[in-house]
Amino acid sequence: MKIVDGASRGRPGKFIVDYRDRNRARRTPSFDTRKEAEEFVINEARFHSNTQTGAVSANISFKEYVMRCEQVWKNEESEEGTINGKLQVLRDHILPYFTKNLARISQPNREDVLRFRQHLFTKQPRGGKYNKPLKTKHFLSKSTVKGILNTLSSIFGIAVEDGVRSDNPAARLGRRKGRRAHEEERHRPIEVSKALTKKERDRVLVAAFLFLNDLHYAALCLLAGTGMRPGEARALQWKHFDLDGSQGIHDGVPMIRIEQAFKKNGAIGCTKGKEKREVEIEAALCELFRRLKQSSQPHPDDFVLSEDGGATPLLDAELAKGWPYLLGFADINRWLPIYCLRHTYASILIREGLPLTYVSRQLGHASTATTEKYYAHWLPQYSNGALRKLGLATAIILNR
């Protein structure tokens, strides 16, 4: 097994791996970079060593290999909800297809995976007591198909590491020429229309005060005044609030400590950035929640946004239940999800000239680069009189 320059074989700009497979058939796959060719050689060598030592049988079936994958996902410290989601995808989509057509984990190739993807796009969603196809003209969505293919790619990736396969036929599906999307495509700036102006935000909060109860009004004020994600707000407990700055988090400054968030599957887990953070809160918002706390006398472990005394948190659907009506009452003629309060919070702070480091810390971004990619177009374009701080009036002599 050797790597040769593609120019010598009529493939300029490529790197060719010349080898013979386990059936003694000659193979000459080509790669764009030498690194990709070297990775293929390593995986192929692992595959051949495995077939010789018999660590994991190359004839192992999909059904038997699922238990191995589940163990690997648990060792990687994946969340229980994520593992359950992958296992559900295996039962509903992957196993019924591959156990019927290609029983062994080592059998499928790239063409088989592409046919499987085409099969998914023509498959109707299932549900109900007997898991029958729903009576709808719609098929599986693109995001659902993407999640299924990601699970399949994870399985094949584990098989490559175990030496059961020499390649991952489900890798890089849908990407142009096998490359990742450009940086500007993966981090697109938030459109100005996706955030409320300060006046629009105030009208929405006034409408919420008039038409919603105290809990839902406080929830919207919390989202608008901290910029936290709805899942983070729903997971807040009273022990996370330092309303008088007495806990010593930041020297007497009222703060909220964000440690957890609700996931899409309804379970509580880590935040999106997987890091804890403290968010500074305004005096008016602090007073609102101080009064809410005095009226309810909660336990520190009680959920803040709860309709039954703190035992169960407010559901995501309940949090956004009256949101469409508030947009109408506030005379906002474009549709915006409740998540727009986070973009509104960030855009107002940036437009008012606060440092990106502060805004990034409040939002929980990994770095200021993330904040700049999303919100840089809200940065002030003019100094608004800040150049007076240069103090040149005392140094420049006009009259000689």
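Now for a quick tour of the structure. (Residues numbered from 1 in each chain as written. Predicted model: local features only at pLDDT ≥ 70, side-chain atom pairs only at ≥ 80, totals over all residues. Heavy atoms only, no water.)

This structure, assessed with the given rule, holds ten aromatic pairs. Ring geometry for W238 versus F241: centroids 5.4 Å apart, planes at 45 degrees, classification tilted. Considered together, W238 and F241 belong to a single accessibility category, that of buried residues. A ring pair is formed by Y375 and W378, whose centres lie 5.9 Å apart and whose planes are at 35 degrees; its orientation type is tilted. (Phe/Tyr/Trp six-rings, centres within 6.5 Å; stacked < 30°, edge-to-face > 60°. Buried < 20%, exposed > 50% of the residue type's maximum accessible area, 1.4 Å probe, protein only.)

Here strand β8 (residues 255-258) shows a buried face lined by M255 and R257 and a second buried face lined by I256 and I258. Where strand β7 (residues 241-242) meets β8, two bridges bridge the pair, whose relative direction is antiparallel. Of the residues in β8, the one forming a bridge with F241 is I256. The pairing of β8 with strand β11 (residues 277-280) spans four bridges and is classified as antiparallel. The residue bridging I256 from the neighbouring strand is V279, located in β11. (Helix = DSSP H or I, 4+ residues; strand = E, 2+ residues; numbered from the N terminus. Pairing = 2+ DSSP bridges.)

Okay, the packing of helix α14 (residues 356-363) against helix α15 (residues 368-375) next. With their axes 9 Å apart at the nearest point, α14 and α15 run at an angle of 95 degrees to one another. Classified by the angle between their axes, α14 and α15 sit roughly perpendicular to one another. From α14, L356, T357, V359, S360 and L363 reach across to α15, where they touch T368, T371, E372 and Y375. Here the residues of the contact of α14 with α15 sort into four nonpolar, four polar and one charged. (Axes fitted to C-alpha atoms, helices over the stretch in contact; angles between N-to-C directions. Parallel < 35°, antiparallel > 145°, perpendicular 65-115°, else oblique. Contact = heavy atoms within 4.5 Å. Nonpolar A, V, L, I, M, F, W, Y, C, P; charged D, E, K, R; others polar.)

Right, let's get into helix α5 (residues 142-162). With 21 residues, α5 should reach 30 Å at 1.5 Å per residue; the first-to-last C-alpha distance of 30 Å fits that figure. Within the span of α5, buried status applies to V145, I148, L149, T151, L152, S153, I155, F156, I158, A159, V160 and D162. Within two residues after α5, G163 carries a phi angle of roughly 80 degrees, on the positive side. (Expected span 1.5 Å × (residues − 1).)

Right, let's talk about the packing of helix α4 (residues 110-121) against α5 for a bit. Relative orientation of the contacting elements α4 and α5 amounts to 150 degrees, with a least axis distance of 10 Å. The pairing of α4 with α5 is recorded here as roughly antiparallel in orientation. The two elements α4 and α5 cross, and the hand of that crossing is right-handed. Residue-level contacts link V113, F116, R117, L120 and F121 of α4 to K142, V145, I148, L149, L152 and F156 of α5. Of the residues that constitute the contact of α4 with α5, the class distribution is nine nonpolar, no polar and two charged. (Left-handed = near helix turned anticlockwise from the far one by under 90°.)

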